[in-house]
Amino acid sequence: MTDSETGMDLTALRDGVRGVLSEQASHERVKAFTDAEQGLDRALWDQAAALGWKALSAPEAFGGLGLGALELGVVQQELGRAVAPLPWLGTMLAIEVLSHAGEGPQVAAWIEGLATGSRIGAVSMIAPGGLVTDLSLSSGPDGLVLNGLAGDLLDGAAADLLILLARQADGSLAWVVVEPMVDGVTLEKITTVDRTRHLAQVRFAELALPSDRWLDLDAEGVGRAVLAQASLAIAADCDGGANAILELTLDYLKTRQQFGKPIGSFQALKHRCAEHKIALVASGGLLAEATARLAQGDGEALRFALAAKALCTSVYFRIAEDAVQLHGGIGYTWEHPCHLYLKRARLNQQLFGGEAAHLDRVAQLLLAAA
């Protein structure tokens, strides 16, 4: 499979990413990471940077590869397949926002840092129902003044570059950049059920920012672009994870014996697995369609991305939940990787809005287009 526009061999990309993750993010290493409650797997992060994963979508003008949704989707599927503890999505979304902000030297420096892995990004979480923020931005004597709370920052616990949505005095929205180490702000880590990833929040009280931290772009349009990319990335993560845990479950059913035969030969279990496979094929088809539309710049890409996120998260959770039962007693143990997938599936359902919010927005977009 090749992207006809870029010539990128997607199969080769998938094989390369999977090969690295099979070594650097094996189930044993991921479990060790969660046991240690680390904020960042530095070795995996540095290797991903060296292999150019973070530069995939960065504009060529800033030293990136200038690729798009197809390539990002492949990497995200493999990260989901391995339940890899990598703060990749926050950085990709930060690049997405900054890519709309012109080619000034400050923007170029930020994107280059993100693309090379020397910086980690986090972006305000956008909900399907509309752009909402608890941050206010005003003018001060020496630049900008930021007040309020920025919460639910995916990958924020490890981030050193925050791209935040704030409301200005005239009621309009704006994107601003905060550098925690430079600006002296402290991120509070929020532990989630999925210990391979974390959220963060930070509270601002009259934080003074230089004027060049305000990004000159269409705030609402970029917000929709962030929501579309985030929804597709989470859907891809779900697709990869669901395929992996279903394969793991099928292998177990072929080897675990009861009454002198593999339990996978029992009709009731066959039917359950067949239903999961059918659902997975359907959600994978919608994901592929949504990814292709976003890659082509289709005007309906957001609607398809939201629908894909809603369906893929639902399918993933059902498969991961049933996998625990199909593995019997061992599926409930901390040592077995079943719980890693189940917890990843549960958090994916809530990130950037739940299933109901996504479906409501899909319905609104369909009615608007009618």
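Model, not experiment: these values are computed from the prediction.

Draft legend 1. Layout of helix H4 (residues 69-81). Counted at 1.5 Å a residue, the expected span for H4 with its 13 residues is 18 Å, and the 18 Å between its end C-alpha atoms agrees. Buried residues dominate H4, accounting for 12 of its 13 residues. Within the sequence span of H4, burial applies to Ala-69, Glu-71, Leu-72, Gly-73, Val-74, Val-75, Gln-76, Gln-77, Glu-78, Leu-79, Gly-80 and Arg-81.

Draft legend 2. Representation of the packing of aromatic side chains. Tallied over the entire structure, the rule returns zero aromatic pairs. Taking NZ or CZ as reference, Arg-293 lies 4.0 Å from the ring centre of Phe-304, over its face. Its end group placed over the ring of Phe-317, Arg-346 keeps NZ or CZ at 4.0 Å from the ring centre.

Draft legend 3. Broad picture of the layout of surface pockets. In this structure, the second largest pocket encloses a volume near 280 Å³. Met-125, Val-132, Thr-133, Asp-134 and Gly-151 are the residues nearest the centre of the second largest pocket, which is lined by 15 residues in total. Its residues placed into classes, the lining of the second largest pocket shows nine nonpolar, four polar and two charged.

Draft legend 4. The environment of Ala-368, seen in detail. Position of Ala-368 relative to the elements: it lies in helix H12 (residues 355-369). Judged by relative accessible area, which is 65%, Ala-368 ranks as exposed. Along the sequence, Ala-368 and Gly-52 sit 316 residues apart, while their C-alpha atoms lie 40 Å from each other.

Draft legend 5. Local environment of the confidence of the model for the protein. On average, the protein scores 92 in pLDDT, and the residues at 70 or more come to 97%. Segment residues 1-7 is flagged for pLDDT under 50; beyond a separation of four residues in sequence, or across chains, it makes 14 contacts in the model.

Draft legend 6. Structural context of the environment of His-276. Locating His-276 in the fold gives a position in helix H9 (residues 267-295). Using a relative accessible area of 13% as the deciding quantity, one classes His-276 as buried. Sequence separation between His-276 and Leu-246 is 30 residues; the distance between their C-alpha atoms is 8.0 Å. Ignoring any residue separated from it by four or fewer positions in sequence, one finds His-276 in contact with Leu-246, Arg-318, Ile-319 and Asp-322.

Draft legend 7. The side chain of Thr-249, seen in detail. With respect to the secondary-structure elements, Thr-249 resides in helix H8 (residues 219-255). Sequence-distant contacts of Thr-249, that is, excluding residues within four places in its chain, are made with Ala-323, Leu-326 and His-327.

Draft legend 8. Up close: unusual backbone geometry. At Asp-152, a position not held by glycine, the phi torsion is positive, near 55 degrees. Checked against the element boundaries, Asp-152 lands in the loop between strand E3 (143-150) and strand E4 (161-168). Taking relative accessible area as the criterion, Asp-152 reaches 40% and is therefore assigned partly exposed. The backbone of Asp-155 sits at a positive phi, close to 70 degrees, despite the residue not being glycine.

Procedures and definitions
- Residues numbered from 1 in each chain as written.
- Predicted model: local features only at pLDDT ≥ 70, side-chain atom pairs only at ≥ 80, totals over all residues.
- Heavy atoms only, no water.
- Helix = DSSP H or I, 4+ residues; strand = E, 2+ residues; numbered from the N terminus.
- Expected span 1.5 Å × (residues − 1).
- Buried < 20%, exposed > 50% of the residue type's maximum accessible area, 1.4 Å probe, protein only.
- Phe/Tyr/Trp six-rings, centres within 6.5 Å; stacked < 30°, edge-to-face > 60°.
- Lys NZ or Arg CZ within 6 Å of the ring centre and 35° of its normal.
- 1 Å grid on protein atoms, 1.4 Å probe; cavity = no way out; pocket = protein on both sides within 12 Å on 5 of 7 lines; lining within 4 Å.
- Points joined across faces, edges and corners; volume = space filled by probe spheres on them.
- Nonpolar A, V, L, I, M, F, W, Y, C, P; charged D, E, K, R; others polar.
- pLDDT = per-residue confidence, 0-100.
- Contact = heavy atoms within 4.5 Å.

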